[in-house]
Structure formats: C-alpha cells, structure tokens
Amino acid sequence: MGSGSSKPAEAPTSQVWKSDTPVRFSSGLVDSLQSSPETDSTRAKTLELHIQSRVNAELKKLQDQAAKDYEELQTKISSKEPEKETKSAGDTLRDLGRESVQNDVKELRKKLEQRKKLADVDEGIEKAKSEVVKCLRNNDRRPLDCWKEVETFKQEVRRLEGMWVEKVVR
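Presented here is an overview of the structure given in this document. (Residues numbered from 1 in each chain as written. Predicted model: local features only at pLDDT ≥ 70, side-chain atom pairs only at ≥ 80, totals over all residues. Heavy atoms only, no water.)

Here's the deal with the overall build of the chain
- A tally of regular secondary structure across the chain gives six helices and zero strands.
- The linear arrangement of helices and strands in the chain, starting from the amino end, is α-α-α-α-α-α.
- Per-residue burial over the chain gives 4% buried out of 170 residues.
- Accessible area for the chain stands at about 17200 Å²; split by element, carbon and sulfur atoms hold 55% of it. (Helix = DSSP H or I, 4+ residues; strand = E, 2+ residues; numbered from the N terminus. Buried < 20%, exposed > 50% of the residue type's maximum accessible area, 1.4 Å probe, protein only. Areas by Shrake-Rupley, 256 points an atom, 1.4 Å probe, with all protein chains shown as cover.)

In structure tokens:
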C-alpha cells in the first residue's frame, strides 16, 4: 500500500478493443472517416461555437423582451393620471358628520359606565407606591437605593392580599 502510484505513469496513446466476433464496417464509412479533415478537437470547437451562438440568440431575445416590457411600463406610468388617494381616518370622520360622531362617543361612554368598576386602591398601597416612584425619580442613576421603599410597598401588597384571601375563604 502506498508504494506505487494509483495512476499509470504514462497515459496510453491508443486503446485496442478486442472482440471475439469480428466487427465489420463498410468500406465507404471507413474511407469517409479516414479522408475527413475533421478531428475530435475541431468537432468540439464547432459544437461549442454552435452552443454559444444559440445562447447569445436567447440572451438577445430576453434583452429585447425586457426592454420592450420596460418601455411599456414607462409609458403606462407616464400617461397614468394621478389617482385620488385613499381617505384617511380624519376624512372619514368628517364625512360621517358631527352628529354621528357625537352619537358614537355617547354610546362608548355608556358602555364604559356599564363596565364593572374596580374598588378604590387602599391608601397604604397608594402611599407606598408614590414613595417608590418618588425615590426612583430622585435616584434615577441609583435605583438600588430605593430598597426600603420597595420593601414597604411589598409589605402593603402582602397585607392587601391577605385581606382578600380572608374575605374569599369566609
């Protein structure tokens, strides 16, 4: 392993295929192949040139189509009259009129009044909350200095929660 190369040192110049049955070609075919000045490389070049010409023709066709589409769109855009913009919310409200807007406002107020109102917040909680807010505003660069106020607020919340649990359990 590894002592010899996996590829032969010299590429074979020609390959000979031996068959048990003889292969016969017509003499006309053999003569035309031998007398033809065309080689494999010239055939490959001819094929490559043919492919390139077809690709160039397709590219030209696509470029022409794109240019045509561009021109059509440009003429459509330039000839199109500016359309009216969609109405904004303010325009819609103006169209509805003052009375209908006032009626809508009245209906919304009635709905708000019908909603269940929350109980007033306990004074102790409100005071503790305002103390926390005041401390945070005074110490905006050092919020950890407000730990006493935060603890007081937490105690008030615990007290209120305990009262609520007692009310629910009874």
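Focus: the state of the cysteines
- Applying the stated criterion to the full structure yields one disulfide.
- There is a disulfide in this structure between Cys-135 and Cys-146, and the S-S distance comes to 2.1 Å. Its S-S torsion of about -95° marks the bond between Cys-135 and Cys-146 as left-handed, since a negative value means left-handed. Highlighted residues: Cys-135 in helix α5 (residues 123-138) and Cys-146 in the loop between α5 and α6 (147-169), separated in sequence by eleven residues. Each member of the pair, Cys-135 as well as Cys-146, is classed as buried. (Disulfide = S-S within 2.5 Å.)

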